[in-house]
Amino acid sequence: MGQVIVDVQNLFKRYGAITAVDRVSFQVDRGEIFGILGPNGAGKTTTLEMIEGLRVPDGGTAVVDGIDVRRDPRGVRARIGVQLQEAAFFDRLTVEETLQLFGSYQRTMVAPETVIDRLQLQDKRRSWVMNLSGGQRQRLSIAVALINDPRIVFLDEPTTGLDPQARRNLWEVIASFRGEGRTVVLTTHYMEEAQRLCDRVAIMDHGRIVALDTPRTLIRTHAPRTTVALTVLEGEVGYASLPGVRHVEVANGEVVLSSTDPMQTVYALMESSRAGQIGFHQLRVEDATLEDVFLHLTGRRLRE
Amino acid sequence: MKAFVTTIIMGFRHYFRDRSSVFWGIAFPLILMALIGLAFGRSDSLTFSVGFVDQGGGPLSQGLHSGLEEVPVFRVIDETDQAQALEALRKGRRTLVIVVPPITSGQPVQVFFDQARVQDSQTALVILERFVAEANLRLSGAPQVVRIHTTGLKGQRRLRFFDFLLPGILAMTVMQTGLLGVTYVVAGYRQRLILKRILATPVHPLVFLGGLVGRYALTNLVQIAIIVAVALTVFNATIVGNPLVVAGLMIYGTFVFVGIGFAISTISRTAESANLLGSAIHFPMMFLSGTFWPREFMPEFMQPVIGSLPLTPLIEAMRAVAARGDALGPYLPGLAYLGAWGAAAFALAASRFRWE
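The rules behind the values
Residues numbered from 1 in each chain as written. Chains lettered and ligands numbered in written order. Predicted model: local features only at pLDDT ≥ 70, side-chain atom pairs only at ≥ 80, totals over all residues. Heavy atoms only, no water. Core = buried A, V, L, I, M, F, W, Y, C linked by side-chain atoms within 4.5 Å. Buried < 20%, exposed > 50% of the residue type's maximum accessible area, 1.4 Å probe, protein only. Helix = DSSP H or I, 4+ residues; strand = E, 2+ residues; numbered from the N terminus. Contact = heavy atoms within 4.5 Å. Domains from an automatic or database assignment. Pairing = 2+ DSSP bridges. Axes fitted to C-alpha atoms, helices over the stretch in contact; angles between N-to-C directions. Buried area = accessible area lost by both parts, 1.4 Å probe. Salt bridge = Lys/Arg side-chain N within 4 Å of Asp/Glu carboxyl O. Polar contact = N/O pair within 3.5 Å; in protein donor to acceptor, adjacent residues only side chain to side chain. Patch = residues over 30% accessible without salt bridge, like charges linked within 9 Å, V, L, I, M, F, W, Y side chains within 5 Å. Areas by Shrake-Rupley, 256 points an atom, 1.4 Å probe, with all protein chains shown as cover. Lys, Arg positive; Asp, Glu negative; His and termini not counted. Charge placed at Lys NZ, Arg CZ, Asp CG, Glu CD.

### Some points on the nonpolar core
Taken as a class, soluble globular proteins show a tendency for nonpolar side chains to be buried jointly.
Here is step 1 of the chain: Grouped together as the largest cluster of nonpolar side chains are 156 residues, with contacts concentrated most on Ile51(A), Phe90(A), Leu99(A), Leu140(A), Leu290(A), Phe257(B) and Phe262(B).
Here is step 2 of the chain: Counting residues per element, this core draws most heavily on helix H6 (residues 161-191) of chain B, which supplies 16 residues.
Here is step 3 of the chain: Setting aside residues no more than four positions away along its own chain, Phe262(B) makes contact with Val182(B), Val186(B), Leu209(B), Leu212(B), Val213(B), Phe346(B), Ala349(B) and Phe353(B).
Here is step 4 of the chain: Within the second largest apolar cluster, 19 residues are counted, among which are Val109(B), Phe113(B), Leu128(B) and Val132(B).

This is the structure we're talking about:
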């Protein structure tokens, strides 16, 4: 561990007047699940596709498993598994045939049954791709990315458009790559996906990486406050002067407090309640999320 | 190599699983053939081409000539050379050849027909004999002024309408694959990012594109084999030429029209617009190039246009080989012209090809 397998330095891509990727640099360690989190149009896909050799960068370098992608793009592609966003398959080939076809384009190939079992597509082995559900198609897409037994897997928005159940299934599959010693680089605009799945997350906005660290550290650094929310029935206290409280929002009897010390805040609220100063119910304590980190860093929400 | 072969095999399966491609590639040409056969199939016996060689017959000759022109079913073609006229008869381009000898020779008028084309020849002869009898009746003073002597020749074979039609239909099918199939499929693959998927693998792009061309060559051969089998058994068509040469011509045509299809797909943004542009080129060419009827049926001023269409030399070579059993030699310049179209199309496609 700790060995760099993807090294990206100052990647730059411009489309006309728009800078899609603005000098992005990061390193991914072997065996890590690395996430790029950001809203649509942040430049996540362009970044990924430059590393995969599908797009030629206007500047910067990307080295994958020791190979400079600009020098030997097909050499890089032989070592990686690529799952593309919104790319279709041949409608009237079966799952198995699709894997055979894409396997024939690789330099090494595992038996299609292996990845079919891995992605739980056994029942659909002989079904035409056009008859698969969205979740099954997404799993096929990942199965195709695994057909050359790659050391590094690139997943572009792997769970977009899936229902919550299918999304959780796919998370399990992706998390299991860690145990196989594969490295995963994925993009997502789902805060929860990045937080649950990724060892480290790069937060991207307007073509730039605005923060990069483990989800926990990102939250601690950029959104250190915990939310304490309560529905007030009667009475009132000076919320702003409660211990730890940094910010107060009151709307329709719902009070939302931002606290740097949630334990002390909650304790003080309990005391006030016992003293009869305030009556409330539904006290909720919520940790900050990457959504809050994004909000803090950019002033906008992820899905705006 | 494995990638190339797998691309062809999977492409082949994919193609024949699509009912619409089976319809357009096999059923549609056969339906077209049946309909056109019904409409025009008998027209070759409704007018007869009569070659007329005047060797100095004077007033008799002129009278006979103008008299024959009065007969509605005869198309009188003036010939200067008897040998050339008889050659045209053997090739099936004349039903009868009439030779009027020099007035001084006292010989009867010679009429030649093709023994192999019994039905047409006999019908035409009967009409001719009746015409001569009437003419003689009118010249009642001098019985048997016009005497005819008929000679049967062994022609090459009888060219039936379906024999004529089949090579045209086959060439049209080859063109259709390129202009209606490739355009839609390749532009669709690009639009739906399937090409990008291929690009995301280490395979050399030319291997995949070559496999795509190979798949069209294979599917075309299968389609053509089925169409030919049905035409031979159901429509009683015949192919007199070497089947290998016919297959070779079809593969050659496939390369050219697949190239043109590729070129069109690089110009168009969507599968639908590529298909539309392909259709706009396909349909006029189908009607002009002599697919269903001889190009001579089209007006004179159109002939240079027709001659410049890439489908025309393919149809002419196919028809010569398949229907008449001619040698390929005289058609090589036309086929080279067709090849130039293919080369230009591939060059355009290569310079404009985009993966997404």
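So much for the structure itself; the text now carries on.
### Focus: the domain arrangement of chain A
Note: interface size is frequently given as the accessible area lost on complex formation between the parts.
Here is step 1 of the chain: Domains assigned within chain A are domain 1 (4-220) and domain 2 (225-287).
Here is step 2 of the chain: Distance from the C-alpha centre of domain 1 of chain A to the C-alpha centre of domain 2 of chain A: 43 Å.

### A look at the sheet that holds strand E8 (residues 183-188) of chain A
Sheet strands pair by backbone hydrogen bonding; their relative direction is either parallel or antiparallel.
Residue and element names in this part refer to chain A.
Here is step 1 of the chain: If you walk across this open sheet you meet the 6 strands as E6-E7-E8-E3-E9-E10, and the pairing is mixed. Here the strands that pair on one side only, and so sit at the sheet edges, are strand E6 (80-83) and strand E10 (208-213). Shown here is a sheet whose adjacent strand axes are inclined to one another by a mean of 15°, direction ignored.
Here is step 2 of the chain: For strand E3 (residues 33-37) and E8, the ladder comprises 5 bridges, and the chain directions are parallel. Note that in E8 the partner of Gly35 across the bridge is Leu186.
Here is step 3 of the chain: Here helix H1 (residues 44-51) sits on the sheet in contact with E3, strand E7 (152-156), E8 and strand E9 (200-205), set at roughly 150° to E7.

### Considerations on the interface of chain B and chain A
Here is step 1 of the chain: Taken residue by residue, the interface counts 25 residues in chain B and 30 residues in chain A.
Here is step 2 of the chain: Of the roughly 2,700 Å² buried between chain B and chain A, counting both surfaces, carbon and sulfur atoms make up 60%.
Here is step 3 of the chain: Its largest share of buried area at the contact with chain A, chain B owes to Arg17(B), Arg197(B) and Pro202(B), together 29% of the area lost on that side.
Here is step 4 of the chain: Remark: the boundary between chain B and chain A carries 5 salt bridges.
Here is step 5 of the chain: Here Arg92(A) makes a salt bridge to Asp18(B), at a shortest N to O gap of 3.7 Å.
Here is step 6 of the chain: Our count for the contact surface shared by chain B and chain A stands at 14 residue pairs in polar contact (both at pLDDT 80 or more).

### Some points on a negative patch on the surface
Here is step 1 of the chain: On the surface, Asp54(B), Glu69(B), Glu70(B) and Asp78(B) cluster together to form a negatively charged patch.
Here is step 2 of the chain: Relative to the elements of secondary structure, Glu69(B) occurs in helix H3 (residues 58-70).

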